[in-house]
Every structure is written in structure tokens, then in C-alpha cells.
Amino acid sequence: MKPTDIKNPEYFHKVVDCQYACPSHTPVPQYIRLIAAERYSEAYMVNWESNVFPGVLGRTCDRPCEPACRRGRVEEKPVAICRLKRVAADNKDEVKQYMPAGPFAPNGKKIALIGGGPASLTVARDLSPLGYEIHLFDEHKKGGGMMRSQIPSFRLPEEVLDEEVGYILDMGVHTHFNKYVSSLKEIIEDGYNAIFVGTGAPRGRDLASLPGRQEGKSNIHIGIEWLASVAFEHIHKIGKKVIVLGGGNTAMDCCRTARRMGGEEVKVIVRSPFTEMKASPWEIEDAIHEDIPILENHVPKEFVIENGKLKGMLFDKVHAVYDEDGKRSLVPTAEPPVFVEADDVLVAIGQENSFPWIERDLGLEFDKWNMPVVDKTTHQSTVSHIFFGGDAAFGPKNIITSVAQGHAAAVSIDLFCSGEDVHVRPSPVTNLVSQKMGIHEWSYDNYISNDFRFVVPQADKSITLKNLKKEVELGFDVESAFKEAQRCLNCDVQTVFDFKRCIECDACMDICPTSCITFTTNGDESDLRTRLKAPSNNINQDLYVSEALPTTRVMVKDEDMCLHCGLCAERCPTAAWDMQKFSYITSKPGYSWQAV
Amino acid sequence: MTYLRPTFKHPDLPKNSLGYTFKDYEGGLSTLCAGCGHDSISAAIVEACFRQNIAPHKVAKLSGIGCSSKTPTYFLGNSHGFNSVHGRMPSVATGASLVNQDLMYFGVSGDGDSASIGMGQFVHAVRRNINMVYIVMNNGCYGLTKGQDSATADVGSKSKAGSVNIFQPIDFAGLALELGAGFVAQSFSGDKTQLIPLIEAAMNYKGFAFINVISPCVTFNNNVGSTKAYDYVRQHIDATGTIDFVPTHNEIVADYKEGTQTNIKMHDGSYLQFNKLDTDWNPLERDSSFAALQKARNSQEILTGLIYFEQNPTDLNTMLNTTNEKPLHQFSANELSPGSAKLAEVNDDFR
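What counts, and at which threshold
- Residues numbered from 1 in each chain as written.
- Chains lettered and ligands numbered in written order.
- Predicted model: local features only at pLDDT ≥ 70, side-chain atom pairs only at ≥ 80, totals over all residues.
- Heavy atoms only, no water.
- Helix = DSSP H or I, 4+ residues; strand = E, 2+ residues; numbered from the N terminus.
- Rg over C-alpha atoms; globule rule 2.2 N^0.38 Å.
- Contact = heavy atoms within 4.5 Å.
- Areas by Shrake-Rupley, 256 points an atom, 1.4 Å probe, with all protein chains shown as cover.
- Lys, Arg positive; Asp, Glu negative; His and termini not counted.
- Charge placed at Lys NZ, Arg CZ, Asp CG, Glu CD.
- Phe/Tyr/Trp six-rings, centres within 6.5 Å; stacked < 30°, edge-to-face > 60°.
- Lys NZ or Arg CZ within 6 Å of the ring centre and 35° of its normal.
- Buried area = accessible area lost by both parts, 1.4 Å probe.
- Salt bridge = Lys/Arg side-chain N within 4 Å of Asp/Glu carboxyl O.
- Axes fitted to C-alpha atoms, helices over the stretch in contact; angles between N-to-C directions.
- Parallel < 35°, antiparallel > 145°, perpendicular 65-115°, else oblique.
- Left-handed = near helix turned anticlockwise from the far one by under 90°.
- Nonpolar A, V, L, I, M, F, W, Y, C, P; charged D, E, K, R; others polar.
- Expected span 1.5 Å × (residues − 1).
- Buried < 20%, exposed > 50% of the residue type's maximum accessible area, 1.4 Å probe, protein only.
- Polar contact = N/O pair within 3.5 Å; in protein donor to acceptor, adjacent residues only side chain to side chain.
- Pairing = 2+ DSSP bridges.
- Domains from an automatic or database assignment.

A. Representation of the overall build of chain A. The secondary structure content of chain A amounts to 22 helices and 24 strands. Taking 25 Å as the expected radius of gyration for a compact globule of 596 residues, we find that chain A reaches 26 Å, a close match to that expectation. Along the three orthogonal principal directions, the C-alpha set of chain A runs to about 90 × 65 × 45 Å. Residue pairs in contact within chain A that sit at least 24 positions apart in sequence constitute 71% of those at least 6 positions apart. Just so you have it, chain A exposes about 24,700 Å², and 51% of that area is on carbon and sulfur atoms. Here chain A carries 67 positive and 84 negative side-chain charges, and the mean point of each set is 2 Å from the other.

B. Broad picture of the packing of aromatic side chains. Under the defined criterion, the tally for this structure stands at 23 aromatic pairs over all chains. Taking the centre distance of 6.5 Å and the plane angle of 65° together, the rings of Phe497(A) and Phe519(A) count as edge-to-face. Taken together, the residues span a long stretch of sequence, with Phe497(A) in strand E20 (residues 493-497) and Phe519(A) in strand E21 (residues 517-520) at a distance of 22 residues. Aromatic side chains Tyr134(B) and Phe210(B) sit 6.0 Å apart centroid to centroid with 40° between the ring planes, which places their arrangement in the tilted category. Taken together, the residues span a long stretch of sequence, with Tyr134(B) in strand E4 (residues 132-138) and Phe210(B) in strand E8 (residues 208-214) at a distance of 76 residues. Above the plane of the ring of Trp48(A) lies Arg125(A), whose end atom (NZ or CZ) is 4.4 Å from the centre.

C. Molecular detail of the interface of chain A and chain B. Counting from both sides, the interface comprises 36 residues of chain A and, opposite them, 30 residues of chain B. Summed over both sides, the interface between chain A and chain B buries roughly 2,700 Å², with carbon and sulfur atoms accounting for 58% of that surface. In terms of surface lost to chain B, no three residues of chain A exceed His440(A), Asp510(A) and Arg571(A), which account for 21% of the buried area on that side. Across the contact surface, chain A and chain B share three salt bridges.

D. Quick peek at unusual backbone geometry. Look at the link from Gly102(A) to Pro103(A): it is a cis peptide, with omega at -5°. Tracing the backbone through its elements, the reader meets Pro103(A) in the loop between helix H8 (81-91) and strand E1 (110-114). Although it is not a glycine, Thr552(A) adopts a positive phi angle of roughly 75°. Position of Thr552(A) among the secondary structure elements: in the loop between strand E22 (543-545) and strand E23 (554-558). The phi dihedral of Leu76(B) is positive, around 50°, even though this residue is not glycine. Within the secondary structure, Leu76(B) sits in the loop between helix H2 (67-70) and strand E2 (80-83).

E. Examining the packing of helix H14 (residues 249-260) of chain A against helix H15 (residues 281-289) of chain A more closely. All names here are of chain A. Running from amino to carboxyl end, H14 crosses H15 at an angle of 20°, the nearest separation of the two axes being 10 Å. The pairing of H14 with H15 is recorded here as roughly parallel in orientation. Crossing angle aside, the handedness with which H14 passes H15 is left-handed. On the side of H14, the interface is formed by Asn-249, Met-252, Asp-253, Cys-255 and Arg-256, while H15 contributes Glu-283, Ile-284, Asp-286 and Ala-287. Here the residues of the contact of H14 with H15 sort into four nonpolar, one polar and four charged.

F. Focus on helix H7 (residues 192-203) of chain B. Here H7(B) contains twelve residues, and its C-alpha end-to-end distance of 16 Å stays within 8% of the 16 Å for a straight helix at 1.5 Å per residue. Within the span of H7(B), buried status applies to Lys192(B), Gln194(B), Leu195(B), Ile196(B), Pro197(B), Leu198(B), Ile199(B), Glu200(B), Ala201(B), Ala202(B) and Met203(B).

G. Quick peek at the side chain of Ser412(A). Residues and elements named next belong to chain A. Positionally, Ser-412 belongs in helix H17 (residues 399-417). Overall, Ser-412 belongs to the buried group, its relative accessible area being 0%. At 2.6 Å, the side chain of Ser-412 and the backbone oxygen of Thr-378 are in polar contact. Sequence-distant contacts of Ser-412, that is, excluding residues within four places in its chain, are made with Thr-378, Phe-387, Val-422 and Arg-425.

H. Broad picture of the sheet that holds strand E24 (residues 577-585) of chain A. Residues and elements named next belong to chain A. Strand order across the open sheet formed by three strands is E17-E24-E20, with antiparallel pairing between neighbours. Every interior strand has two partners, whereas the edge strands, strand E17 (429-434) and E20, have only one. Averaged over all pairs of adjacent strands, the angle between their axes in this sheet comes to 35°, without regard to strand direction. Sheet analysis places E17 next to E24, joined by six bridges and oriented antiparallel. For Leu-432, the partnering residue across the bridge sits in E24 and is Phe-582.

I. Broad picture of the pattern of salt bridges. Residues and elements named next belong to chain A. Using the criterion set out here, one finds 58 salt bridges over all chains in the structure. When the shortest N-O distance is used, the salt bridge between Glu-66 and Arg-453 registers 3.1 Å. In this pair, Glu-66 sits in helix H6 (residues 65-68) while Arg-453 sits in the loop between strand E19 (441-442) and helix H18 (461-464), placing the two residues 387 residues apart along the sequence. Its relative accessible area of 24% is what places Arg-453 among the partly exposed residues. Lys-92 is paired through a salt bridge with Glu-163; the nearest N and O atoms lie 2.8 Å apart. Of the two residues, Lys-92 sits in the loop between H8 and E1 while Glu-163 sits in helix H11 (residues 158-169), which places them 71 residues apart along the sequence. Overall, the relative accessible area of 16% leaves Lys-92 in the buried class. Residue class for Glu-163 comes out partly exposed when judged on its relative accessible area of 30%. Through salt bridges that share partners, Lys-142, Arg-148, Glu-158, Asp-162, Glu-233 and Lys-469 make up one connected network.

J. Expanded view of the domain arrangement of chain A. Residue and element names in this part refer to chain A. For chain A, the assigned domains are domain 1 (9-98 + 455-485), domain 2 (110-202 + 353-417) and domain 3 (204-350). Using C-alpha coordinates to define each centre, domain 1 is positioned 26 Å away from domain 2. Between domain 1 and domain 2, the residue contacts involve 27 residues of the former and 27 residues of the latter. Three residues stand out in domain 1 for area buried against domain 2, namely Trp-48, Phe-53 and Val-56, and they jointly supply 25% of the buried area on that side. Where domain 1 packs against domain 2, one counts three salt bridges. Remark: the boundary between domain 1 and domain 2 carries twelve residue pairs in polar contact (both at pLDDT 80 or more). Listing elements by their share of the side of domain 1 that touches domain 2, those giving two or more residues are helix H4 (40-51) and helix H5 (54-60). With six residues, H5 is the largest single contributor of residues to the side of domain 1 that touches domain 2. The residue makeup of the side of domain 1 that touches domain 2, split by class, is 14 nonpolar, five polar and eight charged.

So, in C-alpha cells, the structure goes:
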């Protein structure tokens, strides 16, 4: 193999699994160390810079970082990254003093943001301090988008959302609430320098053709619409027996909300096998904990109506069959249809984009799925000053993805308004600094904790089920937060190897607790992987290969299981190994010409 | 500061026939200097024991005093150990091997422990042919007392402080050969590919198996001008050949040039597959081995690999005809302490 080019920041970026997996590349180990040091405000700001909504995401994030976490490979479970983020938000002091404070000198450019969700708010936050005049339009009375309308308050207290939306709006954003934009043309005619569309995926899928749908419509609700009505306090109760259709996170929110709105027998019914449900495992767990059974392999057949009133639903039972390519088909089992009684049915089987308000003669191209044609990197549409982000751009994903797309779109908008090429993306801001303090001393805590993942305590369900607004999760207390933080392996503190100093004493290879390091003759990657000290089967993790050493051998380090404990560097007599903290911050608008 | 080693290990480590990974043969975290050759030798012993599928409780580690003699703490943490008086490890080894022949004995010593204070003990251990693996971690200096020249420092070798050694070195391999050792090898701590099979072979050898391992003292004897520095050794090393240890059940597959490969049969039926690099020398003949050592010395080269191998080994217990003796630890309390009547009987014998 060729020697690894560690000058390319993408190499070490990939080693920090959590940060790499995070769509907005939050420097996770950095803020976890700050939490361990009880520096909550700083931990919060590290988050705020990258993901804009630490308090919200600390409760509701889809946490792509956690399955990626190296700890989950070394032992059973990853670090509770998401809930540690919440600790920073819960325990911070006044943080507004660290945020850019207006009024900002106007730069004369005017931007319209359509939709007040996470993507638009991110654009607003990134662009406001640069002097842009931001106009934000939303049909609801408050900002937050789906974070407000679809996430129930027992998972995300309203005051947390209000606070974090407030930080952004207080930067001088011109808000136009209770204003449904019904025509993009009108907005264009208002002469904005750029327009950002962050309207999400607002249409919940329905079972319009299922028998009985029309007759039972007063008791059949679309999940996300129903959740929004609950959030804005338009409805206050539901029947005693409730069926929730669908196996995603919206379905989990629906069933748990229904339990708090008077639903006594709430059932989640899914078409697929239980193991293939789309909802996050922890949300399924929480639903089951609230006595909500989940019926698998039931395909809706019809709504049963008696005397013009919904009585329940009929389901066909199926089982999953997989072909050679692993493609699933649901095959009927030939059992008689199953009847499930219900007073109300919530349909939470997915959501989709919908742009009835965009005129099709504006030059804005739509593809065959009726989605706008949007560049994946620049988020620019076929009309050069109109940008899309969040669920509106590429379909429903999650909050953190919307935030990442908001950042990317903000960069594009800023480049566009400055007359620059939006395709020339600014580089990330990176740094690599030695952590050496003394012979066996590092400026990070390299002790490896043996603790298993700590569980976040929850309020008793006898209380939570009676109060829609009572937050279920109580969050880590400071003590368990410290212990959980200590489980982090500090993957951003990189093992950096200088082949010129190496005397090939093998000390690093002998000491490495997880047998990551091997000195051997070079070969191609597939060959090298068979000759390492420990099996090297995870090909998603890179091999760090040095230049040839005096004995013609090379140092090969399999990044997969590295604990970043620093023992290689402590054992190295010539400091050929060093532990160096790698920071990687994605560029935000204004960074490229600003000294950071 | 880390003197705590994380307990996590690679989850997919291979296991040997006893179900152990090599981690199960490790010991405590070394307190030797970073980069010490001794740590590398410890790691080689760990790997050799892992490959040999030896049950840790079937091994005893014996040592004297010195940096080298500290190492038994750092390998085979689940084995027996005895850290004896300076230079007196051979006495303990002699006693142990006589009273319990079921254990495998690793004697670990250094150039000070074996060539200075313990020289008298070392030579007798060789001539008595104790069934053990005797490893000298040879760095040519007294590392524990800040690097004075030891008895194995070469003439002309320069110390870290700049003084040049004027005395003749003691040549461990030559000495062991002279005194009749049946298995004599030399190696280098920085060459595990060679060292590990040598240790494996030594473990399977019935009789005194001696390995002199050049092990640079990274703190006091790794300077320019030292003949035991990493760089010097790498430049002057001359391997006699390569060996592979082939366990009994494996078929021997020869893939070397004809005439250079010898398969040496061990007493238990396993083989040493020996590939000679130097054709005018035969490791099965003592004279030839002497000549090879002398030749290397004249040309200032360090001969490594298997130097001499006696094909019909014997050991102390065989010579004393005590091979059927019951291990001491299997005696009952009554047998060990037969009471005053028996004592009176014994005493009567002396009257």
C-alpha cells in the first residue's frame, strides 16, 4: 500500500467515527470532554456551532453517531452521545453572551426563507451575523417546523424548543408567522437576492382507497396532522381504543400521544416483521414500556364501519419471504382476516413532499417524482437564486440532516450573493495539535473506563401518562453524565506516526491493548489485512501505513479497534508516535476569509 | 499518567487449542524504559507460549536481579514465578526441576546476572544440563545502575558517557557450547520472526536450551559507538538461517532449495525445519558451530539463529535416574512429615 497521506484532513476525519457519521460533523469527543470537565456552556457552544439545536437534538436526534461509535465495536454499546448533549444543554449557564449579537451591519442583501423548520432556521443563524436581511415565513404561529408540530412535548418540552428557536430569531430575523406562502411567484416578485425553501415533507400518506376510509373519516386521522393539532392544542382527546398504523418514529409518537389523550387500549399495527420496523429502537422500547402492544405482519384490509361509525379494522396476516437478493415480499398466510376493534385510527405510514404552492412555469424543474431538481452539494435549484434544504430538498430524513443541509445551503447562498461560484466549496477548518504534557502525561484523560453504558432515568409512567407535557426522560444527573462521558475513547486524539524517528523496537506493537499495530513487509491492502497481528475484517476502517522503515518493513495500524489510549506513544522511546488532537469544523458562511 | 493498561482486547483475537488468546499469556504492565528490548523478548515469550498451547499453570518463571529479571512480572501472569537472589536463579531452577518435572521452566537472566555475579551459577546450570529454557537478555551494560559496561560489552564499544570498553567480552554462546549445552541459539530482540520459533523450539527441547538475545538498552546503551545499539545490531547481524517449529501433527512441506534445508526431529516427534543460509557450517556438529561463532567474531558480525543442536539430548533427571520421581507437591502431609518415630529411626541410622 502507499503510505497514508495524513495531510489530507479526510483521513483523520474518518477516524473520528461519530463526527464523521454526524451529517453536520459535530465534534463529538470535544464536547464530551468538556462535559466531563463540567464546562457545560462551552460544550453547548461546540454543539451550537455545528448543530444549532443542542437541547432539541439532545432529546430527539436520530443519532447516526451512536451506531458508528467505536466503543460499540470494542464492547457492546456505544457512548450515549445524544443524551450527553442534553446534559450540556440542561446544565449550561447563560450562553447568549457567546453567540453573535446584533444588530449586524447590513450588507444590503435580502433573503427569504420559506418554512420555519430546522433547515431554514440554520440558514437564518448562519447568514444573519453576516448582515443579511432575513425574512422567514411559516404557516404556524411559532417557528420550529416539524420540531414543534410533530414531536410531542413529553419528548421535547416546548420551552427548550422556544429557547433555541429564540436564539436565532433574536438575531434580527424578520418573521412572518401565520403566513402560508401560497405562491412562490409572489415571493420571487418581492425581489429577494436569494430564496431558501425549507418547507419539509408536509403531506402524510393516507390509505385513501381502503374500503371504509370515506365513511369513517371523522375517526381516521393522518398521523402528522393529528400530532400538529395536538401540539397547537386544537384537539384534546381521542377514543379509548386506538389503532396506530405504521412502524416509524411518527407512529411511535402517535401511539404515545394517544395514551396521554385518553387512549386506554392503543395498538401499533405494522405490515412488516417487528425486526424491520423503521422506528429507532429506543422509541419502540419507550412505546412498549407504556403498555402499547405492537402487532407485526398485519396488512390493513378495510375499515369496518357499522351504522356510519368506525368499529375497527380488518387485517390480512402475512409473513415475510426474502428472495436471493434479500428483497422482501409479504406473502399472505391464508389465515382468516383479523379484526381489531377501534374508536380511532391514526395513519402514520410515512410522509411525502408536496409543492402545490410552487408554480410550474417559473423555470424551476421538477423530476418524474415531482421533486424539485436540486444539486446535492450546493442545494441550488434550476433557478440560480432559489435553494432547497431539509426534507423539502431530498425527501424526509431527520433534524440533524436538515441542519447539515441548512449549513450547506447557507454557504451556497453566501457565495451566490457575493458573486462567487457556488460549486467551489470552502475547505473545512482543521488543526492537529500534540497533546503531550510530559513523559506519561497528556492533556486529555487517556484512562479507558470499563463502565457499561448508563441508562437515562425516566419519570414514572403513572405520572407521565397523565400529563401530555411532562417530559418522560429525566436526563443524566451530573454524576452519571461524568461516568458516561468517561466511556468516550477520544477518537479525535489521533495516533500520529513519524517514520523517520522509528527505531523499530516493537514497543508499540507489544503494548497495544487491542493489537492494532503491526510491523511487517508491505503488500496490497487485501494481503496486508491477512498479515496483521489481529484479524482485520472491518474493511470500512482504514489501515494507516507508514513509509518504508530501515528494515524495509512498514508500520501498519488498523484503525478499527484503536482505543486512543496513547500507550503506543507512551511506550515509544523516540516519540515517533504522538497523540495529536484533530479538529475538523465544516466551513460555515464567512469562514473562508475569516481567521479562525 | 498511564500505568494502567486498558482491559479491552480485540474481540476477534484467534484462540489456541486451549481456548486462550495471546492476551491470556500476558503479564502486568512493564515498568521498564519505553523501547527496552526486554519488553520485546517478553512479547516473544508470550507469543511462543500461546502458539505452543501451553497451559499457563504448567509454566514456572525464574529469575534473579536486574532489568531482565524483572520481566517475568510482565509475561505469563497466570504462571508460577520465583524472583531469586542476584545471580542465584540457576540454583532455584536446579531444585525446582528436580522436585517437579511436570513444569516447564523459563529461566530469565541478564548479562550482569549471568555473566558477572551469577557466572558461577550459570556455568554449573549448563554442565548439569537442567531441563529448562535459559534466556539471557543481553544488553552489554548495567541498565539498572545507569549503564556501566557489563562483562558482555565488546572491546571498543563506547558507552553513552563516551568511555570505551577495554576488556574482553564473555561470549555466552561460546561458553554454553564449551560446557556442553545441547541447544544453543542467539537472537535479537528486534527480530521476532526469528526469536519466536527459537523459543518454541527451546520449549520443546529436553535438556538445557540456551538463548542469548541481544537486547538494546534504549536508555544507556543505544548510542553511536555501542555494539549493542539497535542500529549497530541491525547492521552487523548475520543470521545462520531460519527455523520454523513444526508441531508433531503437521506434515512437513519443503519449499527450500535442496541441500539447504534440514528437518531436525525433536524427541516428542515434532520437527524443526531449519533452513541454512551459510552452507559451510553444520549446526548439528559442535566443532562446526564453534568455528562459525569464531568466524563471525573475527569479522565483527553477530551470528544469530540456531547455533548448535544436540540430536540426542539428555537432562539432569535422566542423568540422575530420577525421571520417575513423584513431584514434591503431590506428597501428602504424612509423607512429608512422617512423625517422631520415623525421625528416631533416621537418627538411629547415623549413630
